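Working through the structure, step by step
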Amino acid sequence: MSFNIPKTEKKRVVIVGGGFGGLKLANKLKNSGFQVVLVDKNNYHQFLPLIYQVASAGLEPSSISFPFRKIFQKWEDFYFRMAEVNAIVAEENMIEASIGDLYYDYLIIAAGTVTNYFGNKNIENAALPMKTVTEALLMRNVLLSNFEKALTSDCPEEKQALLNIVIVGGGATGVEISGVLSEMKRFILPKDYPDLDRKQMNIYLVEASSKLLGVMSANASASAEKFLKDMGVNVLLNKKVENYENDKVIFDDGSVLLTKTLIWVSGVTATTFDKLDPALLTRGRRIQVNEYNKLEGSDNIFAIGDICLQTEENYPNGHPQVAQVAIQQGELLADNILKIEKGQTPVAFHYRDLGSLATVGRNRAVADIKKIRTQGWIAWMIWLIIHLRSILGVRNKLVVLINWVWNYITYDQSLRLILFTQKKKR
Ligand SMILES: Cc1cc2nc3c(=O)[nH]c(=O)nc-3n(C[C@H](O)[C@H](O)[C@H](O)COP(=O)(O)OP(=O)(O)OC[C@H]3O[C@@H](n4cnc5c(N)ncnc54)[C@H](O)[C@@H]3O)c2cc1C
């Protein structure tokens, strides 16, 4: 097996990861005189901000995923390869991947992050993460299967464990999944499962610090907490999960919560590669880069997005791990590589913060945009418009819009299918 990419006169730019950063960079290098190779372990780009809606059966995975090959049709000297990159051999200008080795002139590492279980194997084996579309589908299957099992269970303790949902991590993802599950409890459960006592379904959102949405304003945090409490979510602050055993979440204060559905959205750690100098890794295993996103000691390896740590005056501890940072870094780096090739001076990166948003439920969201702080319906409308605009592909935009409108009018969607492949089910 090998990459099977022809060697031409053109210099080769290899991009590892087609997420927000890698895709933006690839787009900017379209027909730029380089040979561009994008390597991703999936054959599609995923729009992570909406995967919680896939997990809660509100959207189909295909409406937030976009096949790379469709994006790159008709691009000149552009190659996509579906492969997992395992190692980076900087001294030889080479990557090692599941399909073979590949030489590069420029390497851009844009492989994002993975879920951080903080070394707890019990949690890693049992918890449901939410970092990819496939994980969201697994969560949808587990949630719906647990409702089915709860209906037929004769053991009160097992029934309660099936109906308790514990979400760990009070960032935007935790807040969003808690909100949508509480709407499922209110609007879907009574219709789909009339013989199941919905009062028995408990949603717990656990956060180790003293507030939700730690990176947002105090107003946004307080409003999100109030919205969730009004919606019946049990918000547990200053509570740290220590372990998960025998369907029990065990906290550091000794208290325990029974559940068969532990959703783990409590943190991420950067994707790592063998043979890359470990001295380059900093907090959260992020790769330290300079103001041009270049790795220390290298002339032709760069890292962008969640996987890198870059500091500037306003961000002494690095930028937040959000889509806009990855997009802006990808955009600038493409220009900088062209500049470097022409012998011009590259431009240093400065992050333009466009604001933060989180939605809690219908008509309820929080938004911090520059000096504007708003909560409720206006924030919700802003959230809807921004997310709809950002989804790739006209078809996907339309499908998502139709789903949202339908859901808003009927308080329902009809995507609650439990779909296992035969092999998985066995
Ligand atoms: C559930 C969720 C919700 C979020 N919501 C928001 C939001 O509302 N707003 C916001 O700004 N940010 C949000 N984020 C954060 C945002 O998605 C990230 O900051 C952004 O995706 C980072 O972009 P990236 O290009 O660095 O990496 P990613 O977008 O994560 O892309 C990494 C790519 O690399 C590929 N890859 C990984 N490892 C390898 C390998 N070894 N070999 C080959 N390919 C590999 C992956 O398949 C993926 O395509 C959310 C994140 C999550 C998980």
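Below: a short report on this structure. (Residues numbered from 1 in each chain as written. Predicted model: local features only at pLDDT ≥ 70, side-chain atom pairs only at ≥ 80, totals over all residues. Heavy atoms only, no water.)

Things to note about the pairing of strand E9 (residues 106-109)
Using the following cut-off: Exposed residues in this analysis have more than 50% of their type's maximum accessible area, buried residues have under 20%, and partly exposed residues fall in between, with area computed by a 1.4 Å probe over protein chains only. Comment: elements are numbered from the N terminus, with helices defined as DSSP H or I runs of at least four residues and strands as E runs of at least two. In this analysis, strands are considered paired if DSSP registers two or more bridges between them.
Here E9 shows a buried face lined by Tyr106 and Ile108 and a second buried face lined by Leu107 and Ile109. Sheet topology places strand E1 (residues 12-16) next to E9; 4 bridges connect them, and they run parallel. Within E9, the residue paired with Val16 across the bridge is Ile109. For E9 and strand E20 (residues 301-303), the ladder comprises 3 bridges, and the chain directions are parallel. Its bridge partner being in E20, Ile108 is matched across the sheet by Phe302.

Examining helix H11 (residues 394-410)
What counts is decided by this rule: Any helix carries an expected span of 1.5 Å times its number of residues minus one. Read the arc as the range of directions from the helix axis to the C-beta atoms.
In a regular helix each residue adds 1.5 Å, so 17 residues correspond to 24 Å; H11 covers 24 Å between its end C-alpha atoms and thus fits that length. Of the positions making up H11, those classed as buried are Asn396, Val400, Asn403 and Trp404. Down the axis of H11, the smallest arc covering the buried residues is 95°, so these residues share one side. Seen from the buried face of H11, the exposed residues on the opposite side, beyond 90 degrees, are Val394, Arg395, Ile402, Trp406 and Ile409.

A few points about empty space enclosed by the protein
Put simply, the test is: Cavities and pockets are defined on a 1 Å grid built over the protein atoms alone: a cavity is a set of grid points where a 1.4 Å probe fits but cannot escape, while a pocket is an open set with protein on both sides within 12 Å along at least five of seven lines, and lining residues are those with an atom within 4 Å of any such point. Grid points are joined across faces, edges and corners, and a volume is the space filled by probe spheres set on the points.
For the structure shown, the criterion picks out 1 cavity of 30 Å³ or more. Size it by volume and the largest cavity reaches roughly 40 Å³. Taken together, Glu291, Tyr292, Asn293, Gln329, Leu332, Leu333, Asn336, Val347 and Phe349 form the lining of the largest cavity.

Considerations on the site of the ligand
Here is the rule we go by: Throughout, the term near means that a residue has one or more heavy atoms lying within 4 Å of the molecule or strand in question. Whenever a nitrogen or oxygen atom comes within 3.5 Å of another N or O atom, the pair is scored as a polar contact, on the condition that within protein one atom can donate a hydrogen and the other can accept it, and that pairs from neighbouring residues in sequence are kept only if both atoms are in side chains. Exposure was quantified through the Shrake-Rupley algorithm and a 1.4 Å probe, taking into account, for residues, occlusion by the shown protein chains and nothing else. Polar here means any residue other than Ala, Val, Leu, Ile, Met, Phe, Trp, Tyr, Cys and Pro, which are nonpolar, and Asp, Glu, Lys and Arg, which are charged; Gly is therefore polar.
Looking at the ligand, there are 30 residues lining it, with Gly21, Asp40, Val85, Asp306 and Ala323 nearest. One nitrogen or oxygen atom from the main chain of Phe20 is found 3.2 Å from an oxygen atom belonging to the ligand. With respect to the ligand, the side chain of Asp306 contributes an N or O atom lying 2.8 Å from an oxygen atom. Expressed as a share of its isolated accessible area of 990 Å², the protein-covered part of the ligand is 88%. Across the shell around the ligand, the residue classes tally to 14 nonpolar, 11 polar and 5 charged.

With respect to the pairing of E1
The criterion, for reference: Crossovers are described as right-handed under a simple rule: with the strands pointing away from the observer, the path leading from the first strand over the helix to the second runs clockwise.
Buried residues dominate E1, accounting for 5 of its 5 residues. Burial along E1 is two-sided: Arg12, Val14 and Val16 facing one way and Val13 and Ile15 facing the other are all buried. Relative to strand E2 (residues 35-40), E1 runs parallel, the two being bridged by 5 bridges. By the bridge assignment, Val14 is partnered in E2 with Val37. Once the chain exits E1 it traverses helix H1 (residues 20-28) before rejoining the sheet at E2, and the crossover so formed is right-handed.

In short, shape yes, function no, at least from these values alone.
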